[in-house]
Each structure stands twice: as structure tokens, then as C-alpha cells.
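Architecture and fold: a report
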Amino acid sequence: MEDSSSSSFPGIDREYQEATGLPNMTGTPERRLLLAILERAILDYVGNEPKEIEEAERWLFGELDHPGPGQFSFYWVCEQLDLDPYRIANKIRAMPRRGNRKVAPWYFQKSA
């Protein structure tokens, strides 16, 4: 992953890092927005609406072979969140689908 300070769009936590010398681990509003975008795509992907599934699948996995510089693409969002887009994509692909249920099967599972 490239350093977000060298990209054409400055990293979302760049000012905080410059001011303190430390990464922001609490979550800026921008960071929470990017997490919400990613979460919505995941919920759509495991959902039961065919059109939403198709659109989420295209956004999540469509550019992984040839990542472009597009802002707010899955690859870009992962970079801004310091996530490995390939690792995250593999985890998302492995998630159980909701099918015809109203709630995803993993929703009520407790975290270990």
C-alpha cells in the first residue's frame, strides 16, 4: 500500500499525525464515515436483494485485479483505513450469506 501522504488525495488522518506524530486510533469522523461505507457494502453483499448483492460485489471485488486511483473505491477506502484490501476481500467472500433470512446468520454470534 502506498503512503497516503504521497497520494493525490491526502490521507484522512494526515493532519493529526503531523500535529502529534502518532496515528489516530480513536477514529475521526472521516474514518468512521469510511468504515460505514465499508460496512454498508458488506451488509449488502451478504444480504438477500439481488441488485444490492450485485452492486456490492462489483464495488468490493471488481477492481482488485487492476486497482485504480479512484477515490472512494474499495481499494482506496481500505488504504485510507490501513487495511489490506486483498485480505479484507477474502474475509468478506468467506462470510455466510443471509439468503432468505431477515438477519445474517452471524449477527447474533458472540465475539470471542
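Residues numbered from 1 in each chain as written. Predicted model: local features only at pLDDT ≥ 70, side-chain atom pairs only at ≥ 80, totals over all residues. Heavy atoms only, no water.

Comments concerning unusual backbone geometry
Which entries qualify depends on this criterion: A run of DSSP states H or I qualifies as a helix once it reaches four residues; a run of E qualifies as a strand once it reaches two. Both are numbered from the N-terminal end. Residue burial is assigned from relative accessible area. The probe radius is 1.4 Å, only protein chains are included, and a residue is buried under 20% of its type maximum, exposed over 50%, and partly exposed in between.
Despite not being glycine, F72 has its phi angle at roughly 70°, a positive value. Along the chain, F72 turns up in the loop between α3 (50-61) and α4 (74-80). Overall, the relative accessible area of 39% leaves F72 in the partly exposed class. With a phi angle near 60°, D82 is a residue other than glycine that sits in the positive phi range. With respect to the element layout, D82 can be found in the loop between α4 and α5 (85-93).

What about the side chain of S73?
Operational definition: Residue contacts follow a heavy-atom distance rule, with two residues in contact if any of their heavy atoms lie within 4.5 Å.
By the element assignment, S73 lies in the loop between α3 and α4. Overall, the relative accessible area of 9% leaves S73 in the buried class. Ignoring anything within four residues of it in the chain, the contact list for S73 reads W59 and E63.

Some points on the packing of aromatic side chains
The following threshold applies: Side-chain rings of Phe, Tyr and Trp (the six-membered ring for Trp) are treated as a pair once their centres are within 6.5 Å; stacked means planes under 30 degrees apart, edge-to-face means over 60, and tilted covers the remaining angles. The criterion is that NZ of a Lys, or CZ of an Arg, lies within 6 Å of the ring centre and within 35 degrees of the ring normal, and then a charge sits over that ring.
Here the structure, examined in full by the defined rule, presents four aromatic pairs. Arranged with centres 5.2 Å apart and planes meeting at 80°, the rings of Y45 and F61 form a pair that is edge-to-face. Within this pair, whereas Y45 is found in helix α2 (residues 29-45), its partner F61 is found in helix α3, the two being separated by 16 residues in sequence. Across the pair, exposure class does not vary: Y45 and F61 are buried alike. Taking the centre distance of 4.8 Å and the plane angle of 50° together, the rings of F72 and W76 count as tilted. The positively charged end of R93 is found above the aromatic ring belonging to F61, 4.1 Å away from the centroid. The ring of Y45 carries the charged tip of R97 above its face, separated from the ring centre by 3.8 Å.

Details of the side chain of D44
Residue placement: D44 occurs in helix α2. Apart from the residues within four sequence positions on either side, D44 is in contact with E52, I53 and A56.

Some points on the environment of L34
Within the element layout of this structure, L34 appears in helix α2. Between the alpha carbons of L34 and L81 there is a distance of 7.6 Å; along the sequence they are 47 residues apart.

A word on the nonpolar core
Stated formally: What is meant by a nonpolar core is a set of buried Ala, Val, Leu, Ile, Met, Phe, Trp, Tyr and Cys residues, joined one to another through side-chain atoms within 4.5 Å.
Of all hydrophobic cores here, the largest spans 19 residues; its most connected members are L38, Y45, L60, F61, L64, F74 and I92. Of all the elements in the fold, those that place two or more residues in this core are α2, α3, α4 and α5. Apart from the residues within four sequence positions on either side, L38 is in contact with W59, L60, F74, L81 and L83.

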